[in-house]
Amino acid sequence: MIQFTTWDILRGLLLATRWTILLSLVSFIGGGTVGAILLFLRIGKNKVARVAVKYFVELFQGTPLLMQLFLAFFGLGLFGIDVPAWLAAAVALILWSSAFLIEIWRGCVEAVAKGQWEASASLGMGYLQQMRYVILPQALRIAVPPTVGFSVQVVKGTALTSIIGFVELSKAGTIITNATFQPFTVYGFVALIYFAMCWPLSKSSQILERKLNVAHRGH
Amino acid sequence: MRYHFDFGWIAEYYPVLIKGVLITIELTLVGAVVGIALGISCAWARALGPGWLKPVVATYIELIRNTPFLIQLFFIFFGLPGIGIHMSEITAANLAMVVNLGAYSCEIIRAGIQATPRGQFEAGASLAMTPFETFRHVILVPSLQRIWPALSSQVVIVMLGSAVVSQVAAEDLTFAANFIQSRSFRAFEAYFVSTAIYLLLAIILRQLLAAAGSLIFPRRVRR
């Protein structure tokens, strides 16, 4: 029987971590893009679009991410698309994270004082101008800490893609466990690697919150 | 080739689905009750506990909040037997949910406690209450009332997150979906139906928690 050293295990896991990082980036950036577009519909003037996006959010926040992954995996196949696990994973994670980002960002836009809308309207600005020059610059400042905080959820969310067969950190953990019979060590390392990715993000979210909140201090 | 949807297959398996739903509900109930109790204890420890306990609790919270639930579950079910701790899949699922919700609810409750004016502690002390009595009677209830909506959404998140316990063969709703899928080869329908059930459960749970909130915390003078 082949003997596996601790270093063998760790190296295998670290190699698989690349895919976790890549998938996290794709999901976060893709989710952010889709979320930003849908956010404009969500807070826009068109009532039908507003309600549609509201239900989109409700649907993706009210169902397990695992089920969304399964449905993407098997559902896309119904349209005759050959679905590799990475595609299903990326599609589901992008839609899932966009649903959460829409709500986070909507809260940030609403946190901008109502008077700012009225003030900019009184200057004769149109909707897009109001957004561009008055609301978004203020909302973005509020949005940075919770957005960074949400990126932690995305990294953790990628772990579920192991269940539909995408080989990332979690799946590698299972594979290596099956080869080495050392589940305690392997899953301990897997947890620590996730921690090493997520904790700096959590911390920086907290630090940003303190830093960017300077303007509101004393209120 | 056109795909013909056939939900009739799924209806045949309704006992499996019902059993799965019941187990998901049971997991959520145990997770919520014990998890929130753990969260309150940890919040107490971080606010008023002895000095040595604070870093221990802080480490627990940071570790849980920054690792995926799936890995916590795998560590408990597959990893712990490595050091001689064995448990059934349903116990492991329950434990994972409690440990997970405990960490998140602690942070939420702590936020509620921090939002409590400092004077409340002093007022309690001036009534000759011990710090624990002050915490129990003066601080905790208004804090919980303040953070109830956040706590409710966390419970819903944990309920949805419980879908992964099927991976250690705990027979929850997702397990039922996988079972039906493997029997009927109707993957899309099986997952579609169970996703719809999850959505329904989430909506009902949110309503129930909101109702419970207004029952436990009667409307008081609002600031």
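Residues numbered from 1 in each chain as written. Chains lettered and ligands numbered in written order. Predicted model: local features only at pLDDT ≥ 70, side-chain atom pairs only at ≥ 80, totals over all residues. Heavy atoms only, no water.

Asks: Please clarify how the overall build of chain B should be interpreted in this entry.
Replies: Along its length, chain B carries nine helices and zero strands. Seen through its C-alpha atoms, chain B measures out along the principal axes to roughly 75 × 45 × 25 Å. In chain B, which comprises 223 residues, the proportion classed as buried is 48%. Surface summary for chain B: the accessible area is close to 11100 Å², and the carbon and sulfur share equals 68%. Between the mean site of the 16 positive side-chain charges and the mean site of the 11 negative ones, chain B shows a separation of 13 Å. (Helix = DSSP H or I, 4+ residues; strand = E, 2+ residues; numbered from the N terminus. Buried < 20%, exposed > 50% of the residue type's maximum accessible area, 1.4 Å probe, protein only. Areas by Shrake-Rupley, 256 points an atom, 1.4 Å probe, with all protein chains shown as cover. Lys, Arg positive; Asp, Glu negative; His and termini not counted. Charge placed at Lys NZ, Arg CZ, Asp CG, Glu CD.)

Asks: What am I meant to see in unusual backbone geometry here?
Replies: Leave glycine aside and you will find that most residues have negative phi; peptide bonds, for their part, are mostly trans. Non-glycine residue Ala128(B) carries a positive phi angle of around 65°. Note that Ala128(B) resides in the loop between helix H6 (118-126) and helix H7 (131-161).

Asks: Just to check I follow, could you spell out the pattern of salt bridges for this structure?
Replies: Should their charged atoms come close, side chains of opposite charge can pair. Residue and element names in this part refer to chain B. Taken as a whole, this structure holds seven salt bridges over all chains when the rule is applied. Residue glutamate 107 pairs with arginine 110 through a salt bridge whose shortest N-O separation is 3.3 Å. Placement of both glutamate 107 and arginine 110 in helix H5 (residues 89-114) is noted, with a separation of three residues, approximately one turn of the helix. On the accessibility criterion, glutamate 107 (17% relative accessible area) is buried. Arginine 186 is paired through a salt bridge with glutamate 189; the nearest N and O atoms lie 3.4 Å apart. (Salt bridge = Lys/Arg side-chain N within 4 Å of Asp/Glu carboxyl O.)

Asks: Sorry, what's going on with the packing of helix H2 (residues 47-61) of chain A against helix H4 (residues 85-111) of chain A here?
Replies: Two quantities define a packed helix pair, namely the angle between the axes and the distance from one axis to the other. Residues and elements named next belong to chain A. Running from amino to carboxyl end, H2 crosses H4 at an angle of 120°, the nearest separation of the two axes being 9 Å. Here H4 runs oblique to H2, going by the angle between their axes. Every pair of crossing elements has a handedness; the one defined by H2 and H4 is left-handed. Of the residues in H4, those touching H2 at Val53, Phe56, Val57, Phe60 and Gln61 are Leu95, Trp96, Ser98, Ala99, Phe100, Ile102 and Glu103. Looking at the contact of H2 with H4 residue by residue, the classes come out as nine nonpolar, two polar and one charged. (Axes fitted to C-alpha atoms, helices over the stretch in contact; angles between N-to-C directions. Parallel < 35°, antiparallel > 145°, perpendicular 65-115°, else oblique. Left-handed = near helix turned anticlockwise from the far one by under 90°. Contact = heavy atoms within 4.5 Å. Nonpolar A, V, L, I, M, F, W, Y, C, P; charged D, E, K, R; others polar.)

Asks: How should the state of the cysteines be read in this particular structure?
Replies: Residue and element names in this part refer to chain B. Enumeration over the complete set of coordinates arrives at zero disulfides over all chains. Take cysteine 106: it sits in no disulfide, and the sulfur closest to it among the cysteines is that of cysteine 42, at 4.9 Å. For cysteine 106, a relative accessible area of 0% gives the class buried. (Disulfide = S-S within 2.5 Å.)

Asks: I'm lost on the interface of chain B and chain A in this one. Help?
Replies: Often, the extent of an interface is quoted as the loss of accessible area on bringing the components together. Contacts between the two partners involve 37 residues from chain B and, on the opposite side, 34 residues from chain A. Considering only the surface of chain B that becomes buried against chain A, Asn66(B), Ile71(B) and Tyr191(B) emerge as the three largest contributors, covering 19% of it. Note that Arg206(B) is salt-bridged to Glu58(A), the shortest N-O span being 3.3 Å. Counting across the chain B and chain A interface gives five residue pairs in polar contact (both at pLDDT 80 or more). Contributions of two or more residues to the side of chain B that touches chain A are made by helix H3 (53-65), helix H4 (69-79), helix H8 (173-184) and helix H9 (187-216) of chain B. Sort the elements by how many residues they give to the side of chain B that touches chain A and H9(B) lands first, with eleven residues. (Buried area = accessible area lost by both parts, 1.4 Å probe. Polar contact = N/O pair within 3.5 Å; in protein donor to acceptor, adjacent residues only side chain to side chain.)

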